[in-house]
Amino acid sequence: MTTSPASESGISQATLTHLQRLEAESIHIMREVVANADNPVMLYSVGKDSACMLHLAKKAFYPAPPPFPLLHVDTTWKFQAMYQLRDRAAEEAGMKLLVHHNPEAMEKGINPFDHGSLHTDMWKTDGLKQALTKYNFDVAFGGARRDEEKSRAKERIFSFRSANHRWDPKNQRPELWRQYNTRKSKGESIRVFPLSNWTELDIWQYIHLEGIEIVPLYFSQPRPVVERDGLLIMVDDDRFPLRDGETPEMRSVRFRTLGCYPLTGAVESTAQTLPEVIQEMLLTTTSERQGRAIDHDQSASMEKKKQEGYF
Amino acid sequence: MSKDMKDPVYVTDQLIADDIDAYLLKHQHKTMLRFITCGSVDDGKSTLIGRLLYDSKMIFEDQLASLENDSKNVGTQGQDIDFALLVDGLAAEREQGITIDVAYRFFATDKRKFIVADTPGHEQYTRNMVTGASTADLAVILIDARQGVLTQTRRHSYLVNLLGIKNVVLAVNKMDLVDYSAERFYEIVSDYSHFAKQIGMDSFLPIPISGLKGDNIVTHSENMPWYQGPSLLAHLEEAPISDTAMQDHPFRMAVQWVNRPNLDFRGFAGQIGAGTVRPGDAIRVLPSGKTTTVKSIVTFDGNLDQAVAGQSITLTFEDEIDCSRGDVIVQSDQPCEVADQFESTLVWMAEEAMLPGRPYILKIGTQSVTATVTEPKYEVNVNTMEHLASKTLGLNAIGVVNISTDRAIPFEAYAQNPDLGGFILIDRMTNATVAAGMIHFALRRSQNIHWQAVDVDRDAHASLKNQKPAVVWFTGLSGSGKSTIANIVEKKLHALGKHTFLLDGDNVRHGLNRDLGFTDADRVENIRRVGEVARLMTDAGLIVLTAFISPFRSERRMVRDLMAEGEFIEVYVDTPLEVAEQRDVKGLYKKARSGQLKNFTGIDSPYEAPETAEIIVNTVELTAEEAAERVVARLLG
């Protein structure tokens, strides 16, 4: 808090910092969900935004553990380090961890090397719908932020999805003050984004300030990578099919976002501490999503994916 | 890039590179301001926001590359960068060339993080702007310097004021297109001042800018040396934040959720809406009125010594008292009101029009109740501010209505505390949010918590006097005989052993209402106070007689709504204007006719005769004595 000398009334006031205000808002949103939902769940992707969201959930319901499970819609292609942190983080929070694998994708052996965008469509988009239907969740927390992408600037904090999980940008409810209308019609579900008003820098600063554990992949260290289609891809396990002439080489790299390892580009970096990572982020001149292969498919692709049900 | 652009000056690149730890430490103490920009498409709103994002370096190189590309393909600025494209959103909108909603943008300086609510200017404007303004600490109202104050400007300003935003910046944009003329700027400011006064806007800060050229956005413009005030960004960095201002208010927190992890812990979680709380504070839970003391302020980071408006916390109490979601925890000696009928402003946000009498879900604080609009009073034309008679409200209409809820709820007037005075209405069938509402005041305060502690209640007072309390409200033209008849009625009741009191226009204006004049607003306040006093007297068991012209139906209705069912008896003293003027006991009609007396009822100010008075006495047909007998017979019959 920043204390100002005196207000007009002569009583000294304490102005909350931007992180304190953002934190209070996120906690308020989470409590509204828990007070109103029948069966809420938190989508957990193990990235830094998920780490932040989980930390806020612990704060919101303290001293109780967050009264909902974590759901990881897995593709089986995440980095090994992510699986390790995922299991530990859930246990430390005292929360149940649900992991869903799309059985159809599993059976067909869908992978990012042979199936292109079908990989994301089936594992993530379809997988998420399957999991929400299977467990009958009516509200799902997600870690998306409005600053990530232009189309998200207009996303509501409480975003309604039809029975078939589609998002209709023309049929969303106005959100006034701190009043969220959480009533839903039969079959409808709600995606709730408690981090809507956070920016990437806010997230990093908060992680730094609160000492939140994140996957070590965010920090630079020598890792085996190959260069493909302009992206540095880490060879995280032996399922990686090397092309002719490709040999993994050890380079000091880190990741700005985390997803399926064959789809996530690394950046060359020397940042080994959180302040160094933040420093690098502030001095770089490309936006966060550049490292994700998914966005380059077509213009406004996030929006299209969102309408189809991918977050 | 255009030559017109200045280098971004608000990111301390050097500190980031030299000492990141120092940079982080500095930025931990940033505050956050939320603001809304209001303007029409041509006012340059998107360009201004794009400029702020650009100057604070929130645009990355890849975005800039695509922006430059887009500017050439679809931009409107020739070879220059079209900042408006930066704040564009959904693909469908982009194709149609319109924006349909509220978008939130983010940028930061060394001192503050900013969240900008951007609302497009077209027919859906009212709904979107009200939504964006509801969370704003400040509003930037844009004016095109060439156009001056337009109808839209008035509409934007009215909405900003309606939502209670205290910090208003009048950004006179496109100064480059009027040769940076000081004369033009002050002409617009003068026009606007006049209008601001009309709508009750206390203050605003005018800044001459050019969003396109960057004048007075970040730094002082060399093109306008005559302007001595702050640049837009400098002002945004210093403007006060609403949550902070609410710290001076008595403590209020709506309970969101009761935290019971085990038998030993029972905490009440919520976000503080107003005031400050410390362990040991005496608090009251509304609507039950139960009192206890705060035991601890529990957070994940340890117990706190103090928490302030805006913080999300969990409270524990010294005593085990009932408290659940929807209840409001308040400072014990300064509780808020509890009521079930309100006068409110409604902003209608749905295609389907508002229907009086239809039950809606009203969500206020953390509580949902069933509510109906009992009486639409009038609709406001947001362009002219005129009041129009209306029985309904369509999409984007704003009106004043009476609302009744199925149970009493703790609340505060919106103007005092938006957190407990702002509400939404939800359609029970579609679950859509159909309206935003702002409470003015309660119509019936029967549930007020102060009164629950009273052991000798109104029934006890009345039964001791062996009478049924009532307000006998005489209304009619000046000189119609109200006071004369009321006086006789009181004598008759007194003789019958009834405890009465006569409130007369003159005796009230000499004391209680000596500060009031005869403007419409003062007349309304005069009647409101009389109504409140009469109400207290009925609680004391008295039969109250009042003799006031009370020319407007709405004020008589207001008093009627204050009283318990059946205790308001309206007596219309029906005397034709010619007869009253002929009598002219006090010589007032003569003065009014000669123009010495303004706003005189019947002459240059209307009298609205009652439509459903309990008693009508015609003083042409009846003597004062006969009229009084008729009133007494009705009262005791």
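Criteria and thresholds
Residues numbered from 1 in each chain as written. Chains lettered and ligands numbered in written order. Predicted model: local features only at pLDDT ≥ 70, side-chain atom pairs only at ≥ 80, totals over all residues. Helix = DSSP H or I, 4+ residues; strand = E, 2+ residues; numbered from the N terminus. Buried ≥ 20, exposed ≤ 12 C-beta atoms within 10 Å, placed from the backbone. Contact = placed C-beta atoms within 7 Å. Pairing = 2+ DSSP bridges. Axes fitted to C-alpha atoms, helices over the stretch in contact; angles between N-to-C directions. UniProt positions renumbered as here; feature names shortened; annotations may be inferred. Nonpolar A, V, L, I, M, F, W, Y, C, P; charged D, E, K, R; others polar. Arc of directions from axis to C-beta. Expected span 1.5 Å × (residues − 1). Domains from an automatic or database assignment. pLDDT = per-residue confidence, 0-100.

Side note on the overall build of chain B
Stage number 1. In terms of regular secondary structure, chain B is built from 20 helices and 27 strands.
Stage number 2. Within chain B, buried positions represent 48% of all 637 residues.
Stage number 3. In chain B, once contacts between residues fewer than 6 apart in sequence are set aside, the share between residues at least 24 apart is 72%.

Observations concerning the overall build of chain A
Stage number 1. Scanning chain A for helices and strands turns up eight helices and twelve strands.
Stage number 2. Here chain A, with 311 residues, has 54% of them falling under the buried criterion.

Some remarks on the environment of Glu276(A)
Stage number 1. Tracing the chain through its elements places Glu276(A) in helix α7 (residues 274–283).
Stage number 2. Judged by local crowding, Glu276(A) falls into the partly exposed class, with 16 C-beta atoms found within 10 Å.
Stage number 3. Sequence-wise, Glu276(A) and Ser220(A) are 56 residues apart; in three dimensions their C-alpha atoms are separated by 9.7 Å.
Stage number 4. Sequence-distant contacts of Glu276(A), that is, excluding residues within four places in its chain, are made with Ala271(A) and Ile20(B).

Focus: the sheet that holds strand β6 (residues 139–141) of chain A
Residues and elements named next belong to chain A.
Stage number 1. Read across the sheet, six strands follow the order β5-β4-β3-β6-β8-β7 without closing on themselves; strand pairing throughout is mixed. The sheet terminates laterally at β5 (97–101) and β7 (158–161), the two strands that pair on one side only. Strand-to-strand, the axes of this sheet are offset by a mean angle of 30 degrees, without reference to chain direction.

A short note on the UniProt feature "active site" (unreviewed entry) in chain B
Residue and element names in this part refer to chain B.
Stage number 1. Those residues carrying the UniProt feature "active site" (unreviewed entry) are Ser550 in this numbering.
Stage number 2. With respect to the element layout, Ser550 can be found in the loop between β25 (543–547) and α17 (553–562).
Stage number 3. Residue classification places Ser550 among the buried residues on the basis of 27 C-beta atoms within 10 Å.
Stage number 4. With sequence-adjacent residues up to four places away left out, Ser550 is seen in contact with Thr475, Ile527, Glu555 and Arg556.

Topic: the sheet that holds β25(B)
Residues and elements named next belong to chain B.
Stage number 1. Strands sit in the order β24-β25-β23-β26-β27 across an open sheet of five strands; the sheet is parallel. Edge strands, defined here as strands with exactly one partner in the open sheet, are β24 (500–504) and β27 (615–618). Taking the axes of each pair of neighbouring strands and ignoring which way they run, one obtains an average angle of 20 degrees across the sheet.

As for the interface of chain B and chain A
Stage number 1. With 62 residues of chain B at the contact, the number on the chain A side is 59 residues.
Stage number 2. A total of five residues in the side of chain B that touches chain A trace back to one element, the largest contributor, which is helix α2 (residues 20–28) of chain B.
Stage number 3. Looking at the side of chain B that touches chain A, its residues break down into 28 nonpolar, 21 polar and 13 charged.

Section: α17(B)
Stage number 1. The set of residues buried in α17(B) consists of Glu555(B), Arg556(B), Val559(B) and Leu562(B). Buried residues in α17(B), looked at end-on, bunch into an arc of 115 degrees, giving them a common side.

Brief notes about helix α14 (residues 482–495) of chain B
Residue and element names in this part refer to chain B.
Stage number 1. Here α14 spans 20 Å end to end across 14 residues, near enough to the 20 Å set by a 1.5 Å rise per residue.
Stage number 2. Among all positions of α14, only Lys482, Ser483, Ile485, Ala486, Ile488, Val489, Glu490 and Leu493 are buried.
Stage number 3. Taken together, the buried residues of α14 touch β23 (470–475), β24, β25, β26 (568–574), β27 and α20 (624–636).
Stage number 4. Once α14 ends, the next one or two residues include Gly497, with phi positive near 85 degrees.

Concerning the UniProt feature "binding site: ATP" (unreviewed entry) in chain B
Residues and elements named next belong to chain B.
Stage number 1. Mapped onto this numbering, the UniProt entry annotates "binding site: ATP" (unreviewed entry) at Gly476, Leu477, Ser478, Gly479, Ser480, Gly481, Lys482 and Ser483.
Stage number 2. Summarising the element assignment, Gly476 is placed in the loop between β23 and α14.
Stage number 3. By the C-beta count within 10 Å, which is 29 here, Gly476 ends up buried.
Stage number 4. Apart from the residues within four sequence positions on either side, Gly476 is in contact with Lys482, Tyr572, Val573, Asp574 and Thr575.
Stage number 5. Its location among the elements puts Ser478 in the loop between β23 and α14.
Stage number 6. Owing to 24 C-beta atoms within 10 Å, Ser478 belongs among the buried residues under this scheme.

Things to note about the pairing of strand β14 (residues 312–317) of chain B
Residue and element names in this part refer to chain B.
Stage number 1. With five of its six residues buried, β14 lies for the most part within the structure.
Stage number 2. Both strand β9 (residues 265–274) and β14 contribute to a ladder of four bridges, which runs antiparallel. From the neighbouring strand, Phe268 faces β14, where its bridge partner is Leu315.

Observations concerning unusual backbone geometry
Across residues other than glycine, the phi torsion is negative in most instances, and most of the peptide bonds are trans.
Residue and element names in this part refer to chain A.
Stage number 1. Geometrically, the link from Tyr62 to Pro63 is a cis peptide bond, its omega value of 5 degrees lying close to zero.
Stage number 2. With respect to the helices and strands, Pro63 occurs in the loop between α2 (48–61) and β4 (70–74).
Stage number 3. Of note in the backbone geometry, Asp229 takes a positive phi value of approximately 50 degrees without being a glycine.
Stage number 4. Summarising the element assignment, Asp229 is placed in the loop between β9 (221–228) and β10 (231–234).

Side note on the domain arrangement of chain A
Where the parts come together, the accessible area they lose is often given as the size of the interface.
All names here are of chain A.
Stage number 1. The domains assigned to chain A are domain 1 (16–166 + 178–202) and domain 2 (213–296).
Stage number 2. Inter-centroid distance (C-alpha atoms) of domain 1 to domain 2 is 23 Å.
Stage number 3. Of the residues lining the interface, 18 residues belong to domain 1; the matching set on domain 2 comes to 19 residues.
Stage number 4. Elements represented by at least two residues in the side of domain 1 that touches domain 2 include exactly α2 and α3 (80–93).
Stage number 5. Broken down by element, the residue count for the side of domain 1 that touches domain 2 peaks at four residues, all from α3.
Stage number 6. Residue composition of the side of domain 1 that touches domain 2, grouped by class: nine nonpolar, four polar and five charged.

Brief notes about the confidence of the model for chain B
All names here are of chain B.
Stage number 1. Summing up the model confidence of chain B, the mean pLDDT is 85 and the portion of residues at 70 or higher is 88%.
Stage number 2. By mean pLDDT, helix α12 (residues 449–452) is the weakest element of chain B at 44, and strand β7 (residues 252–254) is the strongest at 97.
Stage number 3. Contacts of residues 1–11 to residues separated by more than four positions or lying in other chains number 19 contacts, the stretch itself having pLDDT below 50.
Stage number 4. This model gives residues 445–453 a pLDDT under 50, and the stretch forms 14 contacts once residues within four places in sequence are excluded.

Focus on the environment of Ser210(B)
Residues and elements named next belong to chain B.
Stage number 1. When you line up the elements, Ser210 lands in the loop between β6 (205–208) and α9 (232–238).
Stage number 2. Spatially, the C-alpha atom of Ser210 lies 31 Å from that of His29, the residues being 181 residues apart in sequence.
Stage number 3. Excluding residues within four positions of it along the chain, Ser210 makes contact with Asn173, Lys174, Met175, Asp176 and Asp215.

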